[in-house]
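Listed below, chain by chain, are the residues.
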Amino acid sequence: MKIRLEYGLLMSFLVGLFVAHVIPVKISLFLMIVDGFVSVFMLLAPFIVFLIVFNSACSLMANRKVAGRVIESSMVFFASLVVSCSLFASALLSFLLPSSTSPVWFSEQTFFHVSQIVLTSLARPVTVALFLGVAFALGFSYTPFFQRFTDLSKRVQKAQEQAFNLVLRVFPIITMSLGASLYYNLGKVSMEAYAVSMMLTMLFGVAALAILFIFVARLTRREPRGLAQYSTRMFATGLSVGSSYVILPLALKTFREHFDADSSVGDLVLTLGASVNRCGSVMGVLIVTFVAAHYTAVAISWQQMLLLAIPVALIGFGSPGIQGGTLLVAMPVILPVISPSDGMRFVAVALAMFVGGTTFIQAAVNTVASGYIALLVDNSTRAQSRSACLAKA
């Protein structure tokens, strides 16, 4: 019986964990494969994002109003989702924390850090590539050479898809290396703290996806069984890869296989999601902050946890789609708010839990949620197109 690629990747990941466990000596080759692949992929990520966004935008530019609606709707949905998930996680975690006798507020320094990080995130290569892809497509649509550029972008994208297929063939080796690397990182934090952070991340992520699943199924009138099959496949893939960017080629392929949505809309929304959708990641940031504070004896109040929700959500947009990226850019905001006595120890424990396992769950949540948003945007676009046709009639 043939095993689907995404489940094969998950099995490879578990094999890597097992090999690292039974062999007492750390195998450097695993770490070299992970570091090398992530480095190369992140180097190429801006070009990949630009080509996908440019080609999808060109396909939609035949009707500029439709293209504008797709991009606008996607960003609104993603922003709402990330902020909602951050508030959801911070509210639940705040119930587990003791109340403070006096209210806690942000300092001017904290506001400065938030503003600085948000502005910095806008200047990251992948975010710039995303904006350039849309801007170039819009600019070329006003020139007589637009069709030539569109044909060229389609040929380039076909070549890119062939390259993706080649990469997918070696993915089992990469995910096995990721599993081994995860095991090697477990020594940095107690197993109890690690288990708590994993359990909370899984519970919060599944709860958020379940709510979104019901909403999407009812609004788009999609068959729940088909939607559940897609969710299971993509969740398994996310668990084995752990990166929003690295998972993108398989996410595009799986989405096309499961749904009859407009491919240009789906590709554009999923690519946008790989860059800006950090709904699972922001929940993970708040969870590891909560757990790390507990295990490093840092007193944190429920007011402080609630105050972190919006800043963490804001800096989640455009954060690097790599393991630990969202937590790293969020730390300059977290540290001034909770003020740990030993900041280096707190960061080390939080990062070990974040990179050492919870990031795989977060990537799974991010990817499944991006697929849901793509369905919502496609449904909205089709409804608006039907309304426009009826108005003309």
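Residues numbered from 1 in each chain as written. Predicted model: local features only at pLDDT ≥ 70, side-chain atom pairs only at ≥ 80, totals over all residues. Heavy atoms only, no water.

Caption draft 1: Local environment of unusual backbone geometry. Positioned with a positive phi, R221 is a non-glycine residue whose angle comes to about 60 degrees. When you line up the elements, R221 lands in the loop between helix 7 (191-220) and helix 8 (224-241). For R221, a relative accessible area of 76% translates into the label exposed. (Helix = DSSP H or I, 4+ residues; strand = E, 2+ residues; numbered from the N terminus. Buried < 20%, exposed > 50% of the residue type's maximum accessible area, 1.4 Å probe, protein only.)

Caption draft 2: Structural detail: the pattern of salt bridges. Under the definition given, this model contains six salt bridges. Linking D260 and R222 is a salt bridge whose minimum nitrogen-to-oxygen distance equals 2.9 Å. Highlighted residues: D260 in the loop between helix 9 (248-258) and helix 10 (263-276) and R222 in the loop between helix 7 and helix 8, separated in sequence by 38 residues. For D260, a relative accessible area of 55% translates into the label exposed. Taken together, the shared-partner salt bridges in this structure form one network comprising R222, D260, D378 and R382. (Salt bridge = Lys/Arg side-chain N within 4 Å of Asp/Glu carboxyl O.)

Caption draft 3: Layout of the confidence of the model for the protein. Of the residues in the protein, 75% have a pLDDT of 70 or more, and the chain-wide mean is 78. Per-element confidence in the protein ranges from a low mean pLDDT of 59 for helix 4 (residues 108-122) to a high of 90 for helix 7. (pLDDT = per-residue confidence, 0-100.)

Caption draft 4: Geometry of the packing of aromatic side chains. Evaluated as defined, the whole model comprises six aromatic pairs. Ring centres 6.3 Å apart and planes at 70 degrees place the aromatic pair F213 and Y372 in the edge-to-face group. Of this pair, F213 sits in helix 7 while Y372 sits in helix 14 (residues 343-392), and the two are 159 residues apart along the sequence. Taken as a pair, F213 and Y372 share a single burial class, namely buried. Plain terms: the ring middles of F255 and F259 are 5.1 Å apart, the flat faces sit at 55 degrees to each other, and that makes the pair tilted. Judged by relative accessible area, which is 4%, F255 ranks as buried. (Phe/Tyr/Trp six-rings, centres within 6.5 Å; stacked < 30°, edge-to-face > 60°.)

Caption draft 5: Region of interest: the side chain of S370. Inspection of the secondary structure assignment puts S370 in helix 14. Given a relative accessible area of 4%, S370 falls into the buried group. In this structure S370 touches F78, V269, L270, G273 and N277, once residues within four positions along its chain are discounted. (Contact = heavy atoms within 4.5 Å.)

Caption draft 6: Representation of the packing of helix 9 against helix 10 within the structure. At their nearest, the axes of helix 9 and helix 10 sit 10 Å apart, and the two run at 145 degrees to each other. Helix 9 and helix 10 meet at a crossing whose hand is right-handed. Counted together, L248, A251, L252, F255 and R256 of helix 9 and G266, D267, L270, T271 and A274 of helix 10 form the full contact between these two elements. Considered class by class, the residues forming the contact of helix 9 with helix 10 number six nonpolar, two polar and two charged. (Axes fitted to C-alpha atoms, helices over the stretch in contact; angles between N-to-C directions. Left-handed = near helix turned anticlockwise from the far one by under 90°. Nonpolar A, V, L, I, M, F, W, Y, C, P; charged D, E, K, R; others polar.)

Caption draft 7: Focus on a nonpolar patch on the surface. There is a patch of nonpolar side chains on the surface, built from F18, V22, I23 and V25 and spanning about 370 Å² of accessible area. Tracing the backbone shows I23 in the loop between helix 1 (5-22) and helix 2 (28-60). Using a relative accessible area of 34% as the deciding quantity, one classes I23 as partly exposed. (Patch = residues over 30% accessible without salt bridge, like charges linked within 9 Å, V, L, I, M, F, W, Y side chains within 5 Å. Areas by Shrake-Rupley, 256 points an atom, 1.4 Å probe, with all protein chains shown as cover.)

Caption draft 8: A look at the environment of L87. By the secondary structure assignment, L87 is in helix 3 (residues 64-94). If we skip the residues at most four places from it in the chain, L87 touches A309 and I310.

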